[in-house]
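# Residue-level structure breakdown
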Amino acid sequence: MYQALYRKWRPLCFADVIGQQHITDTLRAQLRTERLSHAYLFTGTRGTGKTTCAKILARAVNCEHPVNGDPCNTCPACQGILDGSVLDVVEIDAASNNGVDNVREIRDEVRYAPTAVRKKVFIIDEVHMLSPGAFNALLKTLEEPPAHVMFILATTEIHKVPATILSRCQRFDFRRITADAMADRLLQIAANENIYLTEGGAQLIARLADGAMRDALSMLDRTAGCETVDEQAVSKSLGILGTTDTIRLMEAVKCGDLAAAVAEIGQAYEAGRDLSGVMDQLLGLIRDILLVKTASEKAERMISPAYTVSQLTALGEGLASPELIAYSRILQDAAGRIKAASNRRVEAELSLIRLCTMGGAAYDSLEGRVEALEEKVKHGVPVMVSGIPAPVATPAVVDTPPAAEKVLEPAPPEIEEEPPRTEWSAWERVLEQASGVINMGALTCLQISSHAELDGGQVLVFCEDDVTAGLAKAHPTIDRLSEIATTVAGTAVRVKIFEPNQKPHRQNTAASDEILERAKEFDIHVTEF
């Protein structure tokens with residue numbers, strides 16, 4: 001009968017346990033010197049070896065021929081514990097045996113000496129599930145058990161275990177297993193099982209397992225039916241994006257290419273990928289890019305093994321740290337919504353729209369927004385901006401001659417027509433000459449998110465976001481722009497800044513112009529609205 005890989009390859013001695021050497025070395029030393037505690041508490045995330053080490057310790061304390069602190073696994077005691085025929089080693093699941101009566105049964109059993117081995121060992125798994133009454137019933141027995149009894153408690157949620165229990169146990173914290181150690185172990189097991197596992201496939205499984213060896217072996221089990229277990233096979237079997245697909249999605253987001261990003265999500269959805277996992281993979285990639293940008297010297301040891309430093313460096317060009325942080329915040333918010341959404345595809349696509357059309361509100365500060373824009377301009381990353389609206393043509397008025405019999409009325413006074421405004425092509429030259437004269441952040445925003453129209457003696461600058469408008473309105477930026485625009489136009493003009501959705505209105509500017517001229521003579525600062 002087929003046995004799952006995580007059961008078949010469960011370590012039988014401390015030497016086979018990977019990633020927990022700080023614990024196994026201590027336990028072996030205690031076994032060699034016979035300085036064992038009466039109660040142990042193993043804590044850590046799932047699949048890191050807590051129950052495995054508890055079983056090895058139970059055999060080691062009862063082994064007739066221990067080898068350097070490890071059980072021999074061949075003596076009658078070891079064999080009896082392995083096959084379950086020795087009743088003196090009891091494994092209890094506290095999730096389903098969490099009442100006071102269950103603990104009372106344990107308390108009654110500890111009175112009797114073991115029948116087949118030297119020590120009675122009680123392994124209580126998921127001990128945090130015990131009720132408060134059960135914990136209280138266990139206290140006295142745990143504090144002063146008979147010499148022939150040992151308790152080994154295991155939990156994934158140490159914060160739920162009462163302090164009175166913690167103080168009576170010797171605590172060991174199990175770490176997440178590193179991806180490199182896990183990948184090496186997977187390759188070793190695959191070779192013994194005649195599974196053709198590639199280095200890339202092992203690294204991808206190790207990264208997805210998130211430090212849990214049991215999860216990694218379960219994933220290998222799911223992909224073992226493929227002829228070659230490479231990255232593509234793992235991605236297809238586990239319902240996730242491959243490394244190349246994730247990079248391609250990130251490049252679309254980086255360039256603001258919404259069509260390409262949505263197409264990638266569509267392909268992932270049609271291929272049966274878990275869209276929540278896709279967003280999580282994209283978030284992991286953004287985390288690695290951020291690490292390479294901010295901790296370049298030590299990044300290689302911190303990034304995921306699925307990507308290389310060169311790949312992440314190339315993806316990070318044109319992306320400032322504040323922008324990557326804003327991306328990650330959007331994705332973290334999306335992760336919760338996608339899991340609860342009735343239509344996950346729509347929610348994932350909405351998340352991509354937020355990423356590709358991210359505005360200034362997504363940033364922590366104005367400085368972060370400016371830094372992100374400067375980074376894009378510096379590396380020539382295309383920025384998606386809305387097109388300039390075309391001028392609206394006014395319908396021609398057809399004069400109808402009055403009827404002969406109609407009495408002629410006095411004609412109304414002539415209304416001066418508003419001269420049409422035209423797009424001012426010289427605005428680009430103004431911004432070119434403003435380089436080094438005005439604030440760099442304001443210049444960058446104006447280059448990306450503004451256009452200008454000429455209206456008589458005014459240059460009307462229309463900004464596409466509040467950040468650009470705020471920077472351009474600030475003094476002395478607007479004064480410098482007016483001076484440069486006057487030089488470029490060859491006549492006196494004033495620059496006027498408009499926020500998004502703000503429309504200019506026609507007014508008699510003669511009086512206001514005179515006030516402004518008089519104010520300049522007396523060096524008075526005037527703010528226009």
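Residues numbered from 1 in each chain as written. Predicted model: local features only at pLDDT ≥ 70, side-chain atom pairs only at ≥ 80, totals over all residues. Heavy atoms only, no water.

### What to know about the overall build of the protein
Of the regular secondary structure elements, the protein holds 23 helices and 9 strands. Counting across all 529 residues of the protein, residues that qualify as buried make up 45%. With an accessible surface of roughly 28,600 Å², the protein has 51% of that area assigned to carbon and sulfur atoms. (Helix = DSSP H or I, 4+ residues; strand = E, 2+ residues; numbered from the N terminus. Buried < 20%, exposed > 50% of the residue type's maximum accessible area, 1.4 Å probe, protein only. Areas by Shrake-Rupley, 256 points an atom, 1.4 Å probe, with all protein chains shown as cover.)

### Some words on helix α22 (residues 477-489)
Counted at 1.5 Å a residue, the expected span for α22 with its 13 residues is 18 Å, and the 18 Å between its end C-alpha atoms agrees. Along α22, the residues that are buried comprise T477, I478, L481, S482, I484, A485 and V488. Elements that come into contact with the buried residues of α22 comprise α19 (427-434), α20 (440-449), β8 (458-463), α21 (466-473) and β9 (494-498). In the segment just after α22, G490 is the residue with positive phi, at about 80 degrees. (Expected span 1.5 Å × (residues − 1). Contact = heavy atoms within 4.5 Å.)

### Quick word on the pairing of strand β7 (residues 450-455)
Among the 6 residues of β7, 5 are classified as buried, and the element is accordingly described as predominantly covered. In this sheet, β7 lies alongside strand β6 (residues 422-423) in antiparallel orientation, the contact comprising 2 bridges. Pairing of T422 across the sheet is with L454, part of β7. Pairing between β7 and β8: 6 bridges, direction antiparallel. Paired with H451 across the strands is F462, a residue of β8. (Pairing = 2+ DSSP bridges.)

### As for the confidence of the model for the protein
Per-residue confidence for the protein gives a mean pLDDT of 82; residues scoring 70 or more make up 83%. Overall, residues 384-394 carries pLDDT values under 50, and its contacts beyond four positions in sequence, including any with other chains, amount to 8 contacts. Considering only residues more than four positions removed or in separate chains, one finds that residues 400-408, a stretch of pLDDT under 50, has 1 contact. (pLDDT = per-residue confidence, 0-100.)

### Considering the pattern of salt bridges
Evaluated as defined, the whole model comprises 19 salt bridges. Ionic pairing is found between D101 and R104, a salt bridge with its closest N-O pair at 3.5 Å. With D101 and R104 both in helix α5 (residues 100-109) and 3 residues apart, this pair spans about one turn of that helix. Of the residues examined, D101 reaches a relative accessible area of 52% and is grouped as exposed. Through salt bridges with shared partners, a single network forms among D245, R248 and E264. (Salt bridge = Lys/Arg side-chain N within 4 Å of Asp/Glu carboxyl O.)

### So, the packing of aromatic side chains
Applying the stated criterion to the full structure yields 6 aromatic pairs. Ring pairs connect the aromatic residues Y40, F42, F172 and F174, which therefore count as one cluster. (Phe/Tyr/Trp six-rings, centres within 6.5 Å; stacked < 30°, edge-to-face > 60°.)

### Describing the packing of helix α2 (residues 21-33) against helix α3 (residues 50-62)
Between two packed helices, what matters for the description is the angle formed by their axes and the separation of those axes. At a minimum axis separation of 11 Å, α2 and α3 run at an interaxial angle of 15 degrees. In terms of orientation, α2 lies roughly parallel with respect to α3. Regarding α2 and α3, the two cross each other, and that crossing is right-handed. Residues T24, L27 and L31 of α2 form the contact with α3, whose participating residues are C53, L57, A60 and V61. (Axes fitted to C-alpha atoms, helices over the stretch in contact; angles between N-to-C directions. Parallel < 35°, antiparallel > 145°, perpendicular 65-115°, else oblique. Left-handed = near helix turned anticlockwise from the far one by under 90°.)

### A word on the sheet that holds β7
Pairing is mixed in the open sheet, where 4 strands are placed in the order β6-β7-β8-β9. With partners counted over all chains shown, the strands left at the sheet margins are β6 and β9, one partner each. Sheet strands touched by α21: β8 and β9. Its angle to β9, the strand with the most contacts, is close to 150 degrees.

### So, the sheet that holds strand β4 (residues 149-155)
Within the open sheet, the 5 strands sit side by side as β2-β3-β4-β1-β5. Their pairing is parallel. Here the strands that pair on one side only, and so sit at the sheet edges, are β2 (89-93) and β5 (170-173). Between one strand and the next, the sheet's axes are offset by a mean angle of 15 degrees, whatever the strand orientation. Strands in contact with α5 are β2, β3 (120-125) and β4; relative to β3, the strand with the most contacts, it is inclined by about 165 degrees.

### Description of helix α6 (residues 132-143)
With 12 residues, α6 extends 17 Å from end C-alpha to end C-alpha; this agrees with the ideal 16 Å at 1.5 Å per step. Within α6, the full set of buried residues consists of A134, F135, A137, L138, L139, T141 and L142. In this structure, the buried side of α6 is in contact with β1 (39-43), α5, β3, β4 and α7 (163-166).

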